[in-house]
There are 2 protein chains.
Amino acid sequence: MNIGEVSTRANLPAKTIRYYEEIGLVKPLRDTNGYRAFRESDVHKLVFLGRARALGFTIEDCRALTALWEDKARASADVRNIASDHLIQIEAKIADLQAMHETLSHLVSSCAGDDRPDCPILQSLEKVTR
Amino acid sequence: MNIGEVSTRANLPAKTIRYYEEIGLVKPLRDTNGYRAFRESDVHKLVFLGRARALGFTIEDCRALTALWEDKARASADVRNIASDHLIQIEAKIADLQAMHETLSHLVSSCAGDDRPDCPILQSLEKVTR
DNA sequence: ATAAAGGTTCCAGTCAGGGGAAGGTCAAGA
DNA sequence: TCTTGACCTTCCCCTGACTGGAACCTTTAT
């Protein structure tokens, strides 16, 4: 199977798949013409990678997850640890963004948004109250 | 004022300040010895930049915001537009992260996390249901 | 025969800095 | 006066996870 079909089936850009090969996440075979020859198992793995990336796992997380995925004797605790670490990071990011959102939405709602130059947003950014 | 003091007062790493000069966000003078010579107004601006970056504005947003900040005749609407665009992006990110969080926390709580190899997290990542 | 569509590699760029080397400058203490 | 250590300078490479583009090769359809 050529990269185009894999791209469609795994819903990943061809560039991304080539990149994943470059960093050793997938290892497709090669045809005599130099084209990558993907097996079903490669597609399967790329789908897995796409799902994991969409959930915000880093590439290194993905490397660990696919290694566990391919290890039939793995302990589920190993997978769970990666996932719950990631969950904690997601929670921290959400909290950060919510704090930003609160501050900014206060500012936006306090700004007239008209032609006059006085703007509470800029006034607030000016303060040294970090 | 040398970069070290500015770094302390603006609460930004010296590397960051040099970078901001490189991309034209600040333009400190130079002493005869080649050291950067910052004015109070530079510090003021760097504090502003630090605040804006902490609120997640991009560098280009910051460039626009400082231009408006320094333009005494600006319309507050211009500032408000930048800020509310940014607010929308923050909201989208929060929604994304919350969706990830929901999916992942379901998975984590359904995983035994023991020594056995069967793991619902991996099983779910395997599905093509993107 | 030719053109379009698909494949290949390689290079460079993104964003917002961080790390570290090699070297110049300054202030304080012996 | 010398030296030590803190501070400053530029320079270049590195990050993550790709993306864009150039130059070139192969396959397929007309």
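As annotated in an unreviewed UniProt entry, chain A is Cu(I)-responsive transcriptional regulator from Loktanella salsilacus. Note on chain A: under the UniProt heading Subcellular location (unreviewed entry), the record states "Cytoplasm".

Asker: Would you explain the protein's contact with DNA strand C in this entry?
Answerer: In the vicinity of DNA strand C, 19 residues are found, and the nearest of them are A:G4, A:R36, B:K15, B:Y20 and B:R53. In the interface set of DNA strand C, defined as its atoms within 4 Å of the protein, sugar plus phosphate atoms amount to 69%. In this structure, a base nitrogen belonging to DNA strand C sits 3.1 Å away from a side-chain N or O atom of A:Y35. Looking at the surface near DNA strand C, the elements that each hand over two or more residues are helix 1 (3-10) and helix 2 (14-22) of chain A together with helix 2 (14-22) of chain B. The element contributing the most residues to the surface near DNA strand C is helix 2 of chain B, with four residues. Classifying every residue of the surface near DNA strand C gives seven nonpolar, six polar and six charged.

Asker: Explain the relation of the copies chain B and chain A to me, please; I cannot follow it from the model alone.
Answerer: Taken together, a rotation about one axis and a shift along it account for how the two chain copies relate. Turning chain B through 180° and shifting it by 0.0 Å along the axis lays it on chain A, with an RMSD of 0.1 Å. Both chain copies can therefore be described as sitting about a two-fold axis. Proximity to the rotation axis, assessed at the C-alpha, singles out B:I94 in chain B; its C-alpha lies 2.9 Å from the axis. When the interface residues of chain B are mapped onto chain A, 100% of them are again interface residues, pointing to one common binding face.

Asker: So what exactly am I meant to see when it comes to the UniProt feature "domain: HTH merR-type" (unreviewed entry) in chain A here?
Answerer: Within this numbering scheme, the UniProt entry marks residues 1-68 of chain A as carrying the feature "domain: HTH merR-type" (unreviewed entry). Across residues 1-68 of chain A one finds 62% helix and 6% strand; the C-alpha atoms that close the span lie 26 Å apart.

Asker: Would you explain the packing of aromatic side chains in this entry?
Answerer: Residues and elements named next belong to chain A. The full count for this structure, using the stated rule, is four aromatic pairs over all chains. Between Y19 and Y20, the aromatic rings sit 6.1 Å apart at their centres with planes inclined by 45°, giving tilted as the arrangement. Residue classification places Y20 among the buried residues on the basis of a relative accessible area of 5%.

Asker: What is the right way to read helix 1 of chain A from this model?
Answerer: Note that an α-helix has 3.6 residues per turn; residues three or four places apart therefore point the same way. Residue and element names in this part refer to chain A. All of the buried residues along helix 1 are I3, V6, S7 and A10. Along the axis of helix 1, the buried positions cluster into a sector of 105°, meaning they face one direction only. In this fold, the buried residues of helix 1 make contact with helix 2, strand 2 (36-37) and helix 3 (40-54). Phi turns positive one or two residues past the end of helix 1, at N11, with a value near 60°.

Asker: When you look at the environment of B:T103 in this model, what are you seeing that I'm missing?
Answerer: All names here are of chain B. Structurally, T103 can be placed in helix 5 (residues 76-109). Here T103 falls in the partly exposed class, since its relative accessible area comes to 30%. C-alpha separation for the pair T103 and I121, spaced 18 residues apart in sequence, amounts to 9.9 Å.

Asker: Where do I start with the environment of B:A83 in this structure?
Answerer: With respect to the helices, strands and loops of the structure, B:A83 is situated in helix 5. Sequence spacing of B:A83 and B:F57 is 26 residues, and the spatial spacing of their C-alpha atoms is 8.4 Å. Ignoring anything within four residues of it in the chain, the contact list for B:A83 reads A:L104, A:V108, A:I121 and B:F57.

Asker: Just to check I follow, could you spell out the interface of chain B and chain A for this structure?
Answerer: Taken together, the contacts link 58 residues of chain B with 58 residues of chain A. Taking both sides of the interface into account, the surface hidden between chain B and chain A amounts to around 5200 Å²; carbon and sulfur atoms contribute 69%. Seen at the junction of chain B and chain A, the total is zero salt bridges. Inspection of the chain B/chain A interface yields six residue pairs in polar contact (both at pLDDT 80 or more). Contributions of two or more residues to the side of chain B that touches chain A are made by helix 3 (40-54), helix 4 (59-70), helix 5 and helix 6 (120-126) of chain B. For the side of chain B that touches chain A, the element with the most residues is helix 5 of chain B, which contributes 20 residues. Class assignment for the residues of the side of chain B that touches chain A results in 31 nonpolar, 14 polar and 13 charged.

Asker: Any chance you could explain the protein's contact with DNA strand D here in plain terms?
Answerer: Near DNA strand D you find 19 residues, and of these A:K15, A:Y20, A:R53, B:G4 and B:R36 are the closest. Among all atoms of DNA strand D positioned within 4 Å of the protein, those belonging to sugar or phosphate total 68%. Between a phosphate oxygen of DNA strand D and a side-chain N or O atom of B:R18, the distance comes to 3.2 Å. When residues of the surface near DNA strand D are traced back to their parent elements, those giving at least two are helix 2 of chain A together with helix 1 (3-10) and helix 2 of chain B. When residues of the surface near DNA strand D are assigned to their parent elements, the largest contribution, four residues, is made by helix 2 of chain A. Looking at the surface near DNA strand D residue by residue, the classes come out as seven nonpolar, six polar and six charged.

Rules and cut-offs
- Residues numbered from 1 in each chain as written.
- Chains lettered and ligands numbered in written order.
- Predicted model: local features only at pLDDT ≥ 70, side-chain atom pairs only at ≥ 80, totals over all residues.
- Heavy atoms only, no water.
- UniProt positions renumbered as here; feature names shortened; annotations may be inferred.
- Near = heavy atom within 4 Å.
- Polar contact = N/O pair within 3.5 Å; in protein donor to acceptor, adjacent residues only side chain to side chain.
- Helix = DSSP H or I, 4+ residues; strand = E, 2+ residues; numbered from the N terminus.
- Nonpolar A, V, L, I, M, F, W, Y, C, P; charged D, E, K, R; others polar.
- Least-squares fit on C-alpha atoms with pLDDT ≥ 70 in both.
- Contact = heavy atoms within 4.5 Å.
- Phe/Tyr/Trp six-rings, centres within 6.5 Å; stacked < 30°, edge-to-face > 60°.
- Buried < 20%, exposed > 50% of the residue type's maximum accessible area, 1.4 Å probe, protein only.
- Arc of directions from axis to C-beta.
- Buried area = accessible area lost by both parts, 1.4 Å probe.
- Salt bridge = Lys/Arg side-chain N within 4 Å of Asp/Glu carboxyl O.

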